[in-house]
Structure formats: C-alpha cells, structure tokens
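# Understanding the architecture of this molecule
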Amino acid sequence: MLEYASFTAIGSREENQDRFLVLANEADGIYWFAVADGMGGHRCGGQAAEVAIAAIERSWGAESHSNNIPDLITQLINRAHDATRDLAESEELQPPQTTLAILAVTPRGTYSGHIGDTRVMQYSQVGLVKRTRDHSVTEMKYASGEITDSEMALDPDHNLITQALGGAHPLDIRIEKWDLPSGDLICLASDGAWSLLKDGDYKVLLASPEIRVATGELLNQRMRLGPDNADNATFLAIRKLAR
C-alpha cells in the first residue's frame, strides 16, 4: 500500500507547462506515476507535456496487466514521443518538446524511466539516491570528470538538456529497477521543484506522519523563498506503508 501527494505551481511564469499523472490499481498493488515538464523555450511546451501524459494514460489502460514492466515503460515513453511529434505536424508548429519521468511500483519491484532532467529520487535514513541521471550538458560534464557533484548546481549549462520527447534525436531511454523498503520516500520532480529542495527537506517529508500536508507546506514555502523568476514546479511524493 502506498500513500502519495502531489504539488504543482506556476511560479513566476505566464503558464504552467508541467503535467503529472497518477494511476493506481490498488487491488493488484500496482501504481504508476509520471511527470512531464514542457520546455518553455519551445512553443507550446504545455501542449507537448499534456499530449505526452495523455498518450501514457491511454496506452497504460490497454497494457496495464503486462508482466514486462521495463518493456512497458519503454513503449509508453516511445508512444508519448510519437504523440508529441505528431502534435508538431498537425499544428505546423515549431517542434514542441517535453521532458518525462515515469515510475512504476509493483509487487515485483519498483521501476523508473526518463527522458530529460525530470528526476526520480529515493530518500531513506541513509540519504538521497538519484534513480535517474539527467540528460543534460551538466550531467555530461560530471560524467567526464570536468565538474564535481557539488559544482553541478552552479554550472552555467544546467538548463541545457540533451534529450526530450518531440526532439529530433533518437531517445536514450534509461530503465532502472530497485527494491522499495517500507517507509522509504520516492519523489518525482521537475527541475523547477528539485532545484529548490535541499537534503533536509526530503528528511522532513520522510519523517512526516501526513505526507500530503507536509508536501504542500514544504513546496509552498520553498516557492515563496525561491528566486523572483521561479520556474514551474511539480513534485510527487510517494511512500510505501508497512503492512
């Protein structure tokens, strides 16, 4: 059994281009979560995120009983990518693009897949573990040893991503599986949300008896204290309950 909370805010932008999705089959213990962050530098980023999420929801309804979760995540991401590209063709638009992160929590394990810099993270008493690594120039610099982990947040290229749904490049879909112990916290976050949070914030959520209340209070506080040019921010917090 899971408990989960959601938060989304427009920040200082004219439009909230983030979208998220929660699908639960509690009888079978299967839960799916997704966050898409429409790219504001591309026209109709909000539409791209909405089309991607809608494609996932439609496809999940037909494939939800699949036993091969990694293949299903890959299919869902590819269908969202195709739907985003179709949007550009149908509307004759500059190619709209969006990031995407998907999480599946099932009795057989916990799985994540992503494109772009929307993240899936796990927090426990041990600390924070990034279950996705950004498709970004900053991440490439870190992987090559050009910058350290502590320098990543200050890197001037932190907002340059190398993969997005609707883009021209072939997708580099990364799937990971891990175990989710009872009490651990999983978070899906657009860059407008994770860039505001510190390690201690996840600790507060982990310890909170009311995750829905704590998530709303924490993110609202961080948005108020954040920069004047705050981005859209979307955050899902998921916690596995002890039986």
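Residues numbered from 1 in each chain as written. Predicted model: local features only at pLDDT ≥ 70, side-chain atom pairs only at ≥ 80, totals over all residues. Heavy atoms only, no water.

## Comments concerning the sheet that holds strand S3 (residues 30-38)
- A sheet is described by the order of its strands in space; here 5 strands give the open sequence S2-S3-S4-S5-S8, paired in antiparallel fashion. Each having just a single partner strand, strand S2 (18-25) and strand S8 (174-178) make up the two edges of the open sheet. Ignoring which end each strand starts from, the neighbouring axes of this sheet average 10° apart.
- In terms of strand pairing, S3 meets strand S4 (residues 98-106) through 8 bridges, oriented antiparallel. Bridged to alanine 34 within S4 is isoleucine 102. (Pairing = 2+ DSSP bridges. Helix = DSSP H or I, 4+ residues; strand = E, 2+ residues; numbered from the N terminus. Axes fitted to C-alpha atoms, helices over the stretch in contact; angles between N-to-C directions.)

## Describing the sheet that holds strand S6 (residues 119-124)
- Strand order in this open sheet of 5 strands is S1-S10-S9-S6-S7, and the pairing throughout is antiparallel. Two strands lie at the open edges of the sheet, namely strand S1 (2-9) and strand S7 (127-130), each paired on one side alone. Averaged over all pairs of adjacent strands, the angle between strand axes in this sheet comes to 20°, irrespective of strand direction.
- Contacting S6, S7, strand S9 (185-189) and strand S10 (233-240), helix H5 (residues 199-207) crosses the sheet at an angle of about 65° to S6. (Contact = heavy atoms within 4.5 Å.)

## Some details on H5
- Every buried residue belonging to H5 is among Asp201, Tyr202, Leu205 and Leu206, and all of these are buried. Buried residues along H5 cover an arc of 140° about the axis, so they all sit on one side. When the buried face of H5 is taken as reference, the exposed residues oriented beyond 90 degrees from it are Lys203 and Ala207.
- On the buried face of H5, the contacting elements are S6, S7, S9, helix H4 (191-194), helix H6 (211-225) and S10. (Buried < 20%, exposed > 50% of the residue type's maximum accessible area, 1.4 Å probe, protein only. Arc of directions from axis to C-beta.)

## Some words on the pairing of S7
- In the sheet, S6 pairs with S7 via 4 bridges, with the strands oriented antiparallel. What sits directly across from serine 124, in S7, is glycine 127.
- Hairpin remark: S6 followed by S7, antiparallel, with 2 residues in the connecting loop.

## Observations regarding the environment of methionine 152
- Residue position: methionine 152 is located in the loop between helix H3 (137-143) and S8.
- Separated by 39 residues in sequence, methionine 152 and glycine 113 place their C-alpha atoms 22 Å apart.
- Once residues within four sequence positions are removed from consideration, methionine 152 is found in contact with Arg133, Thr138, Glu139, Tyr142, Ile147 and His158.

## Points about the side chain of aspartate 134
- Relative to the helices and strands, aspartate 134 resides in the loop between S7 and H3.
- The class of aspartate 134 is buried, set by a relative accessible area of 6%.
- With near-sequence residues (within four places) excluded, aspartate 134 lies in contact with His114, Gly116, Asp117, Arg119, Glu139, Arg174 and Trp194.

Fair warning: the whole summary comes from geometry, so function is off the table for now.
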